[in-house]
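The lines below spell out each chain.
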Amino acid sequence: MNHSVGKLLPVDGFRLSKCGELPVSAYRSLTHLYQPVIGQLAVSLYQVLVSEYDMASSGEIQTHHTLMAYLSVPLDKIYEARKKLEAIGLLQTYRLSTSEKQTEYLYRLHPPFAPEGFFLDNMLAMLLYHELGSEKYEQLKRRLVKQEYVVEGLEEITATFGEVFHSQTIEAGRSEANDKQTESYSRKSGGPFLKDDFVDFEWLHDALKKRMYPSDKILTGANKRLITQLASLYNLSLLDIEKAVTWAIDENHRLVADELKAACHDFMKEKPSSRNFSHIDQREKAVAGSSNSKSKGDQFIDMLEQISPRELLEDLSGGNKASDQDLKLIRDVMTEQGLSPGVMNVLVHYVMLKTDMKLSKAYMEKIAGHWTRKNVTTVRQAMNLAKAEHQKYQQWGNQNQYKRKSKQDEVIPAWFNQKEKSNAQPHQDSAVNTDEIAERIKRLTNKGN
């Protein structure tokens, strides 16, 4: 008996959304790793949905007739393939509304694992092993997963993000050995090599140990990166971070990312003006003290490197408190795409001024994904790429139903018209609105006084 009959009708509509961008190795993973487990039809359905998402206008509704036409299979087969995508973690399905004639669904697409991540997932690896057998499984693993060079016992001399781009905020009294200890982020997660001096992880380790938690298991490289991003976004104190981390630990002593995000957001609402980190005062002094030696454009770049996205959002809102919805949107994009706070500031500044002071998650995710693939790690790189890809971003904005404006009326950031210069050339600020930038720098650096 076919149990799918009656659960899905050809006239039923569906909308599409996507969580994150597909990795470069997505189609290789789908063909060689996912297809043996879920079958060719399920993989074809996933590829059709991804393609439809990329081509469809925002919020466009389609019927399942479309999928039947593209795949040339009956609806019950599509329904079974959809369930396989849901079970394997590539698709989430939500029921939006139901009427007598049709039901409307939301299909949320998730990117497949890269080969390395697939084999690290015990359940997926076991399913593939069962389908292929031992010999074919090991052969495929050797072909798709490159062996990493063993670095144990080698001295690491990698320059950190802070040393290269804003070393003026490093505390004068810190020793080189201590710097190396606090800069121990996992490099496997990609993105800029950030200093974690925003959070005193040594203190946090001790606090978790006192509560009898396995701190080494909880404060991994990826988790430390997430904690630093959230602490930077919300300007939380060490005590608030400890409470949030403790709240987000599950019964298996693992840190649940969504719980941590929600807890940090709640603490921010309780303490909207919290500014307890000593380095916040240092960054304000660094930006203010550079006014005599740097151009307004460079001061603006320094400011974007130093302030949090929340502060920038409040500045762009005329000093008003940032809304919960906007902060959650920024938080999700920043953490999912692995952007540094400075690069996130450029994205917020660019998108708001390009879209009549509105934030669109779909538009921000698309640009953020592009920056991640381009390995954008600094404010200056983000600005230069925004200038170089202006026409492409403009088309993306039009696809998301933003109003098209003439070139004369288009609102763009002041830094957008600044000509790109080499390091050997002196900085020129003729195209930058220096009065506006100077006023913004003055407002933000004096916010706590």
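Above: the structure in question.
(A) The arrangement of the overall build of the protein in detail. Helices and strands together make up the secondary structure of the protein, namely 23 helices and four strands. Looking at the protein as a whole, 47% of its 449 residues are labelled buried. The long-range share in the protein, meaning contacts at least 24 apart out of those at least 6 apart in sequence, stands at 71%. For the protein, the exposed surface amounts to about 23800 Å²; the carbon and sulfur share of it is 49%.

(B) Broad picture of a nonpolar patch on the surface. There is a patch of nonpolar side chains on the surface, built from Met123, Met126 and Leu127 and spanning about 320 Å² of accessible area. Tracing the backbone shows leucine 127 in helix H6 (residues 122-132). The partly exposed category is assigned to leucine 127, whose relative accessible area is 34%.

(C) Representation of the nonpolar core. Membership of the largest hydrophobic core comes to 61 residues, with the highest contact counts inside it found for Ile227, Leu260, Leu347 and Trp371. A per-element tally of this core places helix H19 (residues 341-354) first, with eight residues. Excluding anything up to four places from it in sequence, isoleucine 227 contacts Val199, Phe201, Leu204, Leu219, Ile241, Val245, Leu255 and Leu260. Formed by 38 residues, the second largest nonpolar core is a distinct cluster that contains Phe14, Leu91, Phe119 and Val145.

(D) Representation of the pattern of salt bridges. Applying the stated criterion across every chain yields a total of nine salt bridges. Between glutamate 242 and arginine 211 there is a salt bridge, with the nearest N and O atoms lying 3.0 Å from each other. Of this pair, glutamate 242 sits in helix H13 (residues 238-247) while arginine 211 is found in the loop between helix H10 (201-210) and helix H11 (215-218), placing the two residues 31 residues apart along the sequence. Given a relative accessible area of 10%, glutamate 242 falls into the buried group.

(E) The arrangement of the side chain of asparagine 223 in detail. Mapping asparagine 223 onto the fold places it in helix H12 (residues 221-234). Residue classification places asparagine 223 among the buried positions, given a relative accessible area of 16%. In contact with asparagine 223, other than residues within four places in its own chain, are Ile218 and Leu255.

(F) Region of the structure containing the packing of aromatic side chains. This model, assessed by the stated rule, comprises six aromatic pairs. Ring centres of phenylalanine 118 and phenylalanine 119 lie 6.0 Å apart, and the angle between their planes is 80°; this geometry places the pair in the edge-to-face category. Relative accessible area serves as the criterion here: at 1%, phenylalanine 118 is assigned to the buried category. Seen in terms of ring centroids, phenylalanine 119 and tyrosine 137 are 5.5 Å apart; in terms of plane orientation they differ by 75°. Their pairing is edge-to-face.

(G) Representation of the pairing of strand E3 (residues 91-98). Pairing between E3 and strand E4 (residues 103-109): seven bridges, direction antiparallel. Bridge pairing links glutamine 92 to arginine 108 in E4. A loop of four residues connects E3 with E4, the two strands running antiparallel in sequence.

(H) Focus on unusual backbone geometry. Even without being a glycine, methionine 212 presents a positive backbone phi close to 70°. Structurally, methionine 212 is set in the loop between H10 and H11. Take methionine 212: its relative accessible area is 69%, and that puts it in the exposed class. Positioned with a positive phi, histidine 253 is a non-glycine residue whose angle comes to about 60°. With respect to the helices and strands, histidine 253 occurs in the loop between H13 and helix H14 (257-270). Histidine 253 sits in the partly exposed class, given a relative accessible area of 30%.

(I) Here's a closer look at the environment of threonine 246. Examined against the element boundaries, threonine 246 turns out to sit in helix H13. Note on threonine 246: relative accessible area 16%, which makes it buried. For the pair threonine 246 and isoleucine 218, spaced 28 residues apart in sequence, the C-alpha to C-alpha distance is 10.0 Å. Setting aside residues no more than four positions away along its own chain, threonine 246 makes contact with Leu208, Arg211 and Tyr213. A distance of 2.7 Å separates a polar atom in the side chain of threonine 246 from the backbone oxygen of glutamate 242.

(J) A look at helix H1 (residues 26-38). Compared with the 18 Å implied by 1.5 Å per residue over 13 residues, the 15 Å span of H1 between its first and last C-alpha is markedly short. Within the span of H1, buried status applies to Ala26, Ser29, Leu30, Leu33, Tyr34 and Ile38. In the core, the buried residues of H1 are packed alongside helix H2 (40-55), helix H4 (75-88), helix H5 (115-120), H6 and helix H7 (134-144). Downstream of H1 by a residue or two, glycine 39 has a phi angle that is positive, lying close to 95°.

Calculation rules
Residues numbered from 1 in each chain as written. Predicted model: local features only at pLDDT ≥ 70, side-chain atom pairs only at ≥ 80, totals over all residues. Heavy atoms only, no water. Helix = DSSP H or I, 4+ residues; strand = E, 2+ residues; numbered from the N terminus. Buried < 20%, exposed > 50% of the residue type's maximum accessible area, 1.4 Å probe, protein only. Contact = heavy atoms within 4.5 Å. Areas by Shrake-Rupley, 256 points an atom, 1.4 Å probe, with all protein chains shown as cover. Patch = residues over 30% accessible without salt bridge, like charges linked within 9 Å, V, L, I, M, F, W, Y side chains within 5 Å. Salt bridge = Lys/Arg side-chain N within 4 Å of Asp/Glu carboxyl O. Core = buried A, V, L, I, M, F, W, Y, C linked by side-chain atoms within 4.5 Å. Phe/Tyr/Trp six-rings, centres within 6.5 Å; stacked < 30°, edge-to-face > 60°. Pairing = 2+ DSSP bridges. Polar contact = N/O pair within 3.5 Å; in protein donor to acceptor, adjacent residues only side chain to side chain. Expected span 1.5 Å × (residues − 1).

Function cannot be read off these values alone, since they describe shape.
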